[in-house]
Amino acid sequence: MVLTVLKPSPLATLQGSARAGLRHQGIPASGPADPLSMALANRLCLNAPAATAIEITFGGASFEFRQDTAFAFAGAVTFATLSGVPVLAHETLEARRGDVLTFPHPAAGARTYLAIPGGFRADTLFGSTSTFLPAEFGGYSGRALRAGDELERAGAASKPPPLATPAPLRPHIARAHSLRAVPGPDFAALAPAVWNETFQTTRRMDRTGIELAGNWPKPENGALRPSAALFTGAVQLTPSGNAFVLLPDAQTTGGYPHVLQVIRADRHLLGQIAPGDRLSFLNRSVDGAYQDLRAKTGYLDSWLPGFRF
């Protein structure tokens, strides 16, 4: 046993790699809502980018180390306390048995990732350790972490040297977000002015999606379509007059108009959107989206080799 959960925050889960090739069976990707931040925390522990880590939503969590170990965290929370001593994100840190790590609530952003060398042991199903809460599988018995849960290391691990994420690669997390998107298959339901609009997130958000309020057209008679494939980053209009942008645990098909699609290079940003944030979309062509993905992956490659969005 390496860690005991003292306080799990509003929602803390174990997340690993995304599940691939199973959407036709109704199984979504799951995995971290912000895979870049998780990869950065894992890098500081000499782990693979998708090694199983704890995804902490909105901070306010605390954990007790049950053995000496290195650890690192990255994401919304920029500092924590280790037995009362401030420690910073994006650095390889050392804990002693009995130390208590406490995360505050972040000023901006939503999710923070805690990693240890070797990753956390978790249930593997459909090729991944990631928790899928709606169906209760993967992670820690398919559920969110609770006070008293005891976590173990997945396997042997090397002790990392002192490392720090290079400053240019540390994501800037704010309360306003600009997401690059391509028109979805039902884009005709929107006015071209959508690219100049600013939307605001409501309090309706979880790992399946985020509600966006603003100047959306209200679909006539619900405007339901035959069910079609959906992916993380899909923006759908709903009969309420608001839209939803889908996150990793969202359904794999749906009939609401699919009006926009956040490009793959920017989907990690969805994991740091909090209630009350402002959001706008930047128009990209499909070719432009491919170029953006190649450029962003190449920019990170020297520090995160093997990481893919």
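Here's what I pulled together on the structure shown here. Remember, predicted model here, so these are calculated numbers, not experimental data.

## Section: the sheet that holds strand β14 (residues 209–213)
Move 1: An order of β12-β19-β16-β17-β14-β13-β20 is seen for the seven strands of this closed barrel, with the pairing classed as mixed. Ignoring which end each strand starts from, the neighbouring axes of this sheet average 40 degrees apart.
Move 2: Two strands pair when backbone bridges link them, and strand β13 (residues 199–205) and strand β20 (residues 278–283) are joined in this way by two bridges, in the antiparallel orientation. Across the sheet, the residue bridging to Q200 is R278, located in β20.

## Some points on the layout of surface pockets
Move 1: Of the pockets and cavities examined, the largest pocket occupies roughly 670 Å³.
Move 2: A18, A29, P35, R264 and F309 are, among the 26 residues lining the largest pocket, the residues nearest its centre.
Move 3: The residue makeup of the lining of the largest pocket includes at least three contributed by each of domain 1 (3–169) and domain 2 (176–300).
Move 4: Its volume calculated, the second largest pocket comes out at about 400 Å³.
Move 5: Looking at the second largest pocket, it is lined by 19 residues, and the ones nearest its centre are P171, H172, H268, L269 and K296.
Move 6: When contributions to the lining of the second largest pocket are tallied by element, the ones reaching two or more residues are α1 (35–43), β12 (176–183) and α2 (286–300).
Move 7: Split by residue class, the lining of the second largest pocket holds ten nonpolar, six polar and three charged.
Move 8: Summarising the domain contributions, the lining of the second largest pocket has at least three residues from each of domain 1 (3–169) and domain 2 (176–300).

Conventions we followed
Counting of residues starts from 1 at the beginning of each chain's written sequence and follows it residue by residue. Totals for whole chains, interfaces and linings use all residues, but because this is a predicted model, local features are given only for residues with pLDDT of at least 70 and pairs of side-chain atoms are given and counted only at 80 or more. Only heavy atoms go into the side-chain values, all of them from the structure, while hydrogens and water stay out. Any two strands with at least two DSSP bridges between them are considered paired. Numbering of helices and strands runs from the N terminus, with a helix taken as a DSSP run of H or I at least four residues long and a strand as a DSSP run of E at least two residues long. Note on definitions: angles span 0 to 180 degrees between N-to-C directions of axes, and those axes are lines fitted to C-alpha atoms, for helices only across the stretch in contact. The way it works is a 1 Å grid over only the protein atoms, where trapped points that fit a 1.4 Å probe form a cavity and open points with protein on both sides within 12 Å along at least five of seven lines form a pocket, and then any residue with an atom within 4 Å of a point lines it. Grid points are joined across faces, edges and corners, and a volume is the space filled by probe spheres set on the points. Domain segmentation is taken from an automatic or database assignment of domains. Polarity classes work like this: nonpolar for Ala, Val, Leu, Ile, Met, Phe, Trp, Tyr, Cys and Pro, charged for Asp, Glu, Lys and Arg, and polar for all others, with Gly in that last group.

Note that every value here comes from positions in space, so none of it alone points to a role or purpose.
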